[in-house]
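Here is how the chains run, residue by residue.
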Amino acid sequence: MSDTKATVALGFDFDAVSIWLHSFEFLESPTKHSRGVFGVDVGTPRMLDLLDRLEVPATWFIPGHTIDSFPEMCGEVYDRGYPIQHHGWKHTNPANFETREDEKADVERALDSIQELTGETPSGYRSPYWDYSKHTLGIIQELGFEWDSSLMGHDFEPYYVRENWSADPEKAYDPGTETDVLEIPVSWHRDDWPPFQFILGADSQGGAPDEVQVFEMWQAQFDWMYDNVDGGVYTLTMHPQVIGQAPRPLYLEQLIRHMQSKPGVEFKTFDEIATEHK
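Since this is a predicted model, take the numbers as computed values, not measurements.

Asks: Break down helix α8 (residues 211-228) for me, with residues and values.
Replies: End to end, α8 covers 26 Å across 18 residues, agreeing with the expected 26 Å (1.5 Å per residue, within 8%). Considered for burial, the residues of α8 that qualify are Val-214, Phe-215, Trp-218, Gln-221, Phe-222, Asp-223, Met-225 and Tyr-226. Taking the backbone nitrogen of Val-212 as reference, a side-chain oxygen 3.2 Å away marks Asp-210 as the first, capping residue of α8.

Right, here's the structure in full:
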């Protein structure tokens, strides 16, 4: 019987410039682009050095656009032993593709980028913007993905993605039937982008956060899982251009060391978690 009481899965969405490409305002703004470049030149090296020093695994979800634009840094991620998984090609929300063929072509283009960089085929998919179109599940099934990390049907327990569901507002909700695609769930409450990434004029933009309080919230969520969920899986989503801003690497190190101090806690890649559950 496993001695693992809780599992931590650190995920880095290495979006770089791709996340800034989806409106004319951002497309024409070198300032926005520079925030993505910061993630390449500053944030990612800081995170790689931190992970190496703490000797913890992490999974990097990298759009094909980032791989093709910054192959040396993406290669550095892979060469230092961190697996690269799928995150679209140009970080387009799947719901925004006009046709199934367009969405599939984007997924396949990103597959090609990852395979060219690593010589390997990714086993997992993370949807840009954590959204699906009506075609997404069928596409990732067709292309052989074994697991997904985009949905929010649980907080600390993997489950199987469902298909053929129905959300007719005139009828009771039908959750559909389970597929063999394992979901390793995510949460906006364990993601650095909402509290930390300032976007001028965004409807959801609040005031400057108490940064320490955000990390304390993440620690409290982990502690609750540790005490209440047997064999729970804690996923934390970070972006190098966000988490790499000082002094956040220090706060992240303190959080990871707290997790490491708990008996029976293991840090694993998403693929390791999926393999165990399947």
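Asks: Go over the nonpolar core with me, naming the residues and quoting the values.
Replies: Within the largest apolar cluster, 50 residues are counted, with the highest numbers of intra-cluster contacts made by Leu-10, Phe-12, Trp-60, Trp-218, Tyr-234 and Leu-252. Contact partners of Phe-12, with chain neighbours within four places excluded, come to Met-47, Leu-51, Ala-58, Thr-59, Trp-60, Phe-61, Met-238 and Ile-243.

Asks: Summarise the side chain of Ser-187; cite the residues concerned and give the values.
Replies: Among the structural elements, Ser-187 can be located in the loop between β7 (177-183) and α7 (193-196). Under the relative-accessibility criterion, Ser-187 is labelled buried at 10%.

Asks: Please give an account of the layout of surface pockets that cites residues and values.
Replies: In this structure, the second largest pocket occupies an estimated 420 Å³ of space. Surrounding the second largest pocket, 19 residues form its lining, Tyr-132, Leu-137, Val-161, Arg-162 and Trp-165 being those nearest its centre. Those elements giving two or more residues to the lining of the second largest pocket turn out to be α6 (136-142) and β6 (159-163). Element by element, the count of residues in the lining of the second largest pocket is highest for β6, at five residues. Residues belonging to the lining of the second largest pocket are distributed by class as follows: ten nonpolar, five polar and four charged.

Asks: Lay out empty space enclosed by the protein in plain terms, naming residues and giving numbers.
Replies: In total, this model carries one cavity of 30 Å³ or more according to the counting rule given. Approximately 40 Å³ is the volume found for the largest cavity. Lining the largest cavity, in full, are Gly-88, Thr-92, Pro-94, Phe-97, Glu-103, Asp-106, Val-107, Tyr-125 and Pro-128. Counting residues per element, the lining of the largest cavity draws most heavily on helix α5 (residues 100-118), at three residues. Its residues placed into classes, the lining of the largest cavity shows five nonpolar, two polar and two charged.

Asks: Kindly report on the packing of helix α2 (residues 30-54) against helix α10 (residues 248-260), identifying the contributing residues and their values.
Replies: Running from N to C, α2 and α10 cross one another at 25 degrees; their axes reach a closest spacing of 11 Å. As the angle between them shows, α2 and α10 are arranged roughly parallel. Between α2 and α10 lies a crossing of right-handed hand. Contacts between α2 and α10 involve Arg-46, Met-47, Leu-50, Arg-53 and Leu-54 on the former and, on the latter, Pro-249, Leu-252, Glu-253, Ile-256, Arg-257 and Gln-260. Looking at side-chain class alone, the contact of α2 with α10 contains six nonpolar, one polar and four charged residues.

Asks: Could you give me a rundown of unusual backbone geometry, with the residues and numbers involved?
Replies: The omega torsion across Ala-246 and Pro-247 is 0 degrees, close enough to zero to call that bond cis. Its place among the elements puts Pro-247 in the loop between α9 (240-243) and α10. Of note, Ala-16 is a non-glycine position whose phi angle comes to about 50 degrees, a positive value. Within the secondary structure layout, Ala-16 lies in the loop between β1 (6-13) and α1 (24-27). Notably, Trp-130 is not glycine yet its phi reads approximately 50 degrees, a positive angle. Mapping Trp-130 onto the fold places it in the loop between β4 (124-125) and α6. The class for Trp-130 is buried, based on a relative accessible area of 10%.

Conventions we followed
Residues numbered from 1 in each chain as written. Predicted model: local features only at pLDDT ≥ 70, side-chain atom pairs only at ≥ 80, totals over all residues. Heavy atoms only, no water. Helix = DSSP H or I, 4+ residues; strand = E, 2+ residues; numbered from the N terminus. Expected span 1.5 Å × (residues − 1). Buried < 20%, exposed > 50% of the residue type's maximum accessible area, 1.4 Å probe, protein only. Polar contact = N/O pair within 3.5 Å; in protein donor to acceptor, adjacent residues only side chain to side chain. Core = buried A, V, L, I, M, F, W, Y, C linked by side-chain atoms within 4.5 Å. Contact = heavy atoms within 4.5 Å. 1 Å grid on protein atoms, 1.4 Å probe; cavity = no way out; pocket = protein on both sides within 12 Å on 5 of 7 lines; lining within 4 Å. Points joined across faces, edges and corners; volume = space filled by probe spheres on them. Nonpolar A, V, L, I, M, F, W, Y, C, P; charged D, E, K, R; others polar. Axes fitted to C-alpha atoms, helices over the stretch in contact; angles between N-to-C directions. Parallel < 35°, antiparallel > 145°, perpendicular 65-115°, else oblique. Left-handed = near helix turned anticlockwise from the far one by under 90°.

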